[in-house]
Amino acid sequence: MAKLTMVKAITKALDQELEHDNKVLMFGEDVGKNGGVFRATDGLQAKYGADRVFDTPLAESGIGGLAMGLALQGFRPVPEIQFFGFLFETMDEIAGQIARTGFRTGQTRKMPVTIRSPFGGGTHTPEMHADSLEGLMAQTPGLKVVIPSGPYDAKGLLASSIRSDDPVVFLEHLKLYRSMKEEVPEDPYTLPLDKAVVKREGKDVSIISYGYMLQESLKAADELAKEGIDAEVVDLRTVSPLDEETILSSAKKTGRVVLVQEAQNQAGVMAQVSSVIAEKGILSLDAPIGRVSAPDTVYPFAEAEDDWLPNKEDVFNKAKEIVNY
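Description of the structure in this document. (Residues numbered from 1 in each chain as written. Predicted model: local features only at pLDDT ≥ 70, side-chain atom pairs only at ≥ 80, totals over all residues. Heavy atoms only, no water.)

Our focus in this paragraph is the packing of aromatic side chains. For any two aromatic rings, the description comes down to two numbers: the centre-to-centre distance and the angle of the planes. As enumerated under the stated definition, the model contains 6 aromatic pairs in all. With centroids separated by 5.2 Å and ring planes inclined at 40°, the aromatic side chains of Phe-38 and Tyr-177 adopt a geometry described as tilted. Of this pair, Phe-38 sits in the loop between strand E2 (24-28) and helix H2 (44-48) while Tyr-177 sits in the loop between strand E7 (168-173) and strand E8 (181-184), and the two are 139 residues apart along the sequence. With 5.0 Å between their ring centres and 15° between their planes, Tyr-152 and Tyr-189 make a pair best called stacked. Placement of the pair is Tyr-152 in helix H7 (residues 151-163) and Tyr-189 in the loop between E8 and strand E9 (197-200), with a sequence separation of 37 residues. By relative accessible area, Tyr-189 is classed as buried at 14%. Connected via pairs of aromatic rings, a cluster forms that spans Phe-38, Phe-83, Phe-86 and Tyr-177. For Lys-23, the ring lying beneath its charged end belongs to Phe-75, and the centroid distance is 4.8 Å. (Phe/Tyr/Trp six-rings, centres within 6.5 Å; stacked < 30°, edge-to-face > 60°. Helix = DSSP H or I, 4+ residues; strand = E, 2+ residues; numbered from the N terminus. Buried < 20%, exposed > 50% of the residue type's maximum accessible area, 1.4 Å probe, protein only. Lys NZ or Arg CZ within 6 Å of the ring centre and 35° of its normal.)

Next comes the structure, spelled out in structure tokens:
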């Protein structure tokens, strides 16, 4: 198996899904000839033609509306929102239309749309480019929200998303695109969209996270091990719907939990995870649930983002606090 960056794994998944099903279409701002601002669609227009991989005007609402119309006509659209901070321009199409189609039609019409978009901090992007808005999507009934934490997961989860008959919001953390490599099978494969995974086994504390913060959590677990603390690290993979079984199993196993997200604390994904554990596993806990997140402020300008973003030290310190409670 070759070692790939996450962006290369995503390109490979898109390539193989275009080959697998001629109803798959990809479009967005600069995704055609230029291959996308991060080159995730590099070479795909040249291989499959401008009828299947094409550029759109700079109008996110139009991209969302086009995706819905194509899905109703039997296609499998894979639109790209260039940065997820631009979500607000197409919120009605995604949350008000695409997510509700199954309900409105009594499940007689399918909506196989996979909305890809980069997000996340740590790369000093301009304002409105790094915001973590997955909580808005997770609260929207009818959507699956998938956030891979590395190349292997990205390829398998993206293939599953594109093949799903339900709409999926597939979020790709900017800092993961080229910051790490993993072994990724050449042949196509899928991963379940409703299953979290234990990335590191442990017995003293469960650190639950997703996306780039999963990597920070693994680094924190390495540091905790040096102090004799055996941390289990769980990757949600899909933040909506949650895999409650895996979450509760880990919480009950260790009796201590730290929940880590990059997004602001208020109403984030981990608030729901905390609620699940409190409602269904509270008697298994030996300490309060710990949380690590960004402050409840607007995302700062690039000069201040390193101070604003949570990191492995924050996870390490919170885990020690919970273990020593």
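Quick look at the nonpolar core now. Ile-208, Leu-236, Val-273 and Ile-277 are the most contacted members of the largest nonpolar core, which has 92 residues in total. For this core, the element with the highest residue contribution is helix H1 (residues 6-20), accounting for 7 residues. For Ile-208, the residues in contact, after removing those within four places along its chain, are Val-234, Leu-236, Ile-247, Val-257, Val-258, Leu-259, Val-260, Met-270 and Ile-277. Ranked by size, the runner-up nonpolar core spans 5 residues in total, among them Ala-294, Tyr-299, Trp-308 and Leu-309. (Core = buried A, V, L, I, M, F, W, Y, C linked by side-chain atoms within 4.5 Å. Contact = heavy atoms within 4.5 Å.)

This part is about the packing of helix H9 (residues 244-254) against helix H10 (residues 269-281). Where H9 contacts H10, the two axes come as close as 10 Å, and the packing angle between them is 65°. In the packing of H9 onto H10, the handedness of the crossing is right-handed. Contact residues: Glu-244, Ile-247, Leu-248, Ala-251 and Lys-252 in H9; Val-273, Val-276, Ile-277, Lys-280 and Gly-281 in H10. Of the residues in the contact of H9 with H10, the class split is 6 nonpolar, 1 polar and 3 charged. (Axes fitted to C-alpha atoms, helices over the stretch in contact; angles between N-to-C directions. Left-handed = near helix turned anticlockwise from the far one by under 90°. Nonpolar A, V, L, I, M, F, W, Y, C, P; charged D, E, K, R; others polar.)

Applying the stated criterion across every chain, the model contains 21 salt bridges. Residue Asp-222 is joined to Arg-200 by a salt bridge in which the shortest nitrogen-to-oxygen separation is 2.6 Å. Of this pair, Asp-222 sits in helix H8 (residues 212-226) while Arg-200 sits in strand E9; the two residues are 22 residues apart in sequence, bridging distant segments of the chain. Residues Lys-219 and Glu-216 are paired through a salt bridge, measuring 3.2 Å at the closest nitrogen-oxygen approach. Taken together, the positions of Lys-219 and Glu-216, both in helix H8 and 3 residues apart, correspond to about one turn of that helix. Since its relative accessible area comes to 36%, Lys-219 is described here as partly exposed. A cluster of three or more residues bridged by salt bridges with shared partners is formed by Asp-21, Arg-76, Lys-110 and Asp-165. (Salt bridge = Lys/Arg side-chain N within 4 Å of Asp/Glu carboxyl O.)

Right, let's talk about H1 for a bit. The end-to-end C-alpha distance of H1 is 21 Å, a good match for the 21 Å that 15 residues give at a rise of 1.5 Å each. The element H1 is largely enclosed, with a buried count of 11 among its 15 residues. Inspection of H1 places Met-6, Val-7, Ala-9, Ile-10, Thr-11, Ala-13, Leu-14, Asp-15, Gln-16, Glu-17 and Leu-18 among the buried residues, and these make up the whole buried set. (Expected span 1.5 Å × (residues − 1).)

Right, let's talk about unusual backbone geometry for a bit. Note that the residue after Ser-240, namely Pro-241, is joined by a cis bond; omega there is 0°. Tracing the sequence through the fold places Pro-241 in the loop between strand E12 (238-240) and H9. The phi torsion at Asp-30 lies on the positive side, around 70°, for a residue other than glycine. Checked against the element boundaries, Asp-30 lands in the loop between E2 and H2.

Moving on to the sheet that holds strand E13 (residues 257-264). Strands pair in a sheet through their backbones, by hydrogen bonds, and they do so in one of two ways: parallel or antiparallel. Read from one edge to the other, the open sheet built from 5 strands follows the order E9-E11-E10-E13-E14, with strand pairing classed as mixed. The open sheet has two edge strands, E9 and strand E14 (290-294), and neither has a second partner. Along the sheet, successive strands turn relative to each other by an average axial angle of 25°, direction set aside. One ladder, built from 3 bridges, connects E9 with strand E11 (residues 231-235); its direction is antiparallel. (Pairing = 2+ DSSP bridges.)

This next bit is on empty space enclosed by the protein. A probe as big as a water molecule, rolled over the atoms, marks out the empty space that is left. This structure, assessed with the given rule, holds 3 cavities of 30 Å³ or more. Here the largest cavity defines a volume of roughly 50 Å³. Along its surface, the largest cavity is lined by Phe-119, Ser-132, Glu-134, His-173, Ser-209, Tyr-210, Gly-211, Tyr-212, Met-213, Val-260, Gln-261 and Glu-262. Those elements giving two or more residues to the lining of the largest cavity turn out to be H8 and E13. The leading source of residues in the lining of the largest cavity is E13, at 3 residues. A breakdown of the residues in the lining of the largest cavity according to their chemical character gives 5 nonpolar, 5 polar and 2 charged. (1 Å grid on protein atoms, 1.4 Å probe; cavity = no way out; pocket = protein on both sides within 12 Å on 5 of 7 lines; lining within 4 Å. Points joined across faces, edges and corners; volume = space filled by probe spheres on them.)

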